[in-house]
Amino acid sequence: MVTKSKIGSEKLMKQDAKDALEQALEEDDLYVEEVKGEHFVGNRHGLTLAGLPKRILELEQQATEFTSHRAKVASLEDHVGSLTTSIEAYKLLRNRFISTFKRDKGLVNATEADRKIIAEGNGWAHGGDVVVDALLYQGTEGRRDRLAFEKLYGIMPGDIRVISYQPTIDILNLHAGVIASKHKTGSDEFYARFSEFVKLLKESNYKKGYLEGNATDMTRAYWSFLNCIRNGVKRADAVGASD
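The structure displayed is predicted, hence computed values, not measured ones.

This part takes up the pattern of salt bridges. Summed over all chains, the structure comprises 6 salt bridges. In this structure, Glu189 engages Arg193 in a salt bridge whose closest nitrogen and oxygen atoms are separated by 2.2 Å. In this pair, Glu189 and Arg193 both sit in helix H7 (residues 188-203), 4 residues apart, roughly one turn of the helix. Of the residues examined, Glu189 reaches a relative accessible area of 42% and is grouped as partly exposed. Relative accessible area serves as the criterion here: at 25%, Arg193 is assigned to the partly exposed category. Notably, a salt bridge pairs Arg220 with Asp217, separated by 3.0 Å at the nearest N-O pair. With Arg220 and Asp217 both in helix H8 (residues 217-232), this residue pair falls 3 residues apart, about one helical turn.

With that settled, consider the environment of Ile171. Tracing the chain through its elements places Ile171 in helix H6 (residues 166-179). Separated by 51 residues in sequence, Ile171 and Tyr222 place their C-alpha atoms 8.1 Å apart. Dropping the residues within four chain positions of it, Ile171 is found in contact with Phe194, Phe197, Tyr222, Phe225 and Leu226.

The next subject is the nonpolar core. In this structure, Val130, Phe149, Tyr153, Ile155, Ile163, Leu172 and Phe197 are the most contacted members of the largest nonpolar core, which totals 29 residues. Considering each element in turn, this core owes the most residues, 6 residues, to H7. Apart from the residues lying within four places of it in its own chain, the contact partners of Val130 are Phe149, Tyr153, Ile155, Ile160, Ile169, Leu172 and Asn173.

Attention shifts here to the side chain of Thr219. Within the secondary structure layout, Thr219 lies in helix H8. Owing to a relative accessible area of 9%, Thr219 belongs among the buried residues under this scheme. At 3.0 Å, the side chain of Thr219 forms a polar contact with the backbone nitrogen of Thr216. If near-sequence neighbours (up to four positions away) are discounted, Thr219 is found in contact with Tyr210, Leu211 and Asn214.

Close contact between H6 and H7 brings their axes to 12 Å; oriented N to C, the two are set at 145 degrees. For the pair H6 and H7, the crossing hand works out as left-handed. Taking contact as the criterion, the partners of Thr168, Ile171, Leu172, Leu174, His175, Val178 and Ile179 in H6 are, on H7, Phe190, Tyr191, Phe194, Phe197, Val198 and Leu201. For the contact of H6 with H7, a count of residues per class yields 11 nonpolar, 2 polar and no charged.

Conventions used here
Residues numbered from 1 in each chain as written. Predicted model: local features only at pLDDT ≥ 70, side-chain atom pairs only at ≥ 80, totals over all residues. Heavy atoms only, no water. Salt bridge = Lys/Arg side-chain N within 4 Å of Asp/Glu carboxyl O. Helix = DSSP H or I, 4+ residues; strand = E, 2+ residues; numbered from the N terminus. Buried < 20%, exposed > 50% of the residue type's maximum accessible area, 1.4 Å probe, protein only. Contact = heavy atoms within 4.5 Å. Core = buried A, V, L, I, M, F, W, Y, C linked by side-chain atoms within 4.5 Å. Polar contact = N/O pair within 3.5 Å; in protein donor to acceptor, adjacent residues only side chain to side chain. Axes fitted to C-alpha atoms, helices over the stretch in contact; angles between N-to-C directions. Left-handed = near helix turned anticlockwise from the far one by under 90°. Nonpolar A, V, L, I, M, F, W, Y, C, P; charged D, E, K, R; others polar.

Everything listed is a geometric property; what it means functionally is a separate question.
This is the structure in structure tokens:
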């Protein structure tokens, strides 16, 4: 009796399923839809839920794209900040040009403000500016002496495109300001520590954010170089006097 009852129930279930399928075919069209690589079959009502995973996947993709866009915007903002700093420096140089003319030629009396402008401009005139200097090597009419740029900044002009971290830019400019100066000279240790910093910088693909979070070899190389400046950089006349 139990066996017959079970068989009867299975037959009834199959018949019910068959009847439901026939009804669906008569009353509504069936759809076949691919969701995340799998096919779902159903009518319009059933596919309301079947479409949910696909919609979730679309939202996940949109979220990923949004995150990528945010990273690009942040990088562009860093570059704009660097260029803004360089533009301000260029304004100082042009102001210095006019004020120096007033001081040296005497055609117009130089003021105390002019003397301050000249002093500020001198600091930039004799210092490095890796962002703007790299632009001098662009185009068919650009400079070709890339070795000189590398001696100044430790990198090639094209590398600046992937550098937006201000501490890195400051380090490169600082080194250039010393090695190009007539009034300052760096010790062997000063240049050795800079070389170590640049080596790690290149190995990290110009990673930024190394001053944040846990200390890394890059972090230690950065501070090692900065801490060397006090004793590793001297005025040229002081070096001559000590010899």
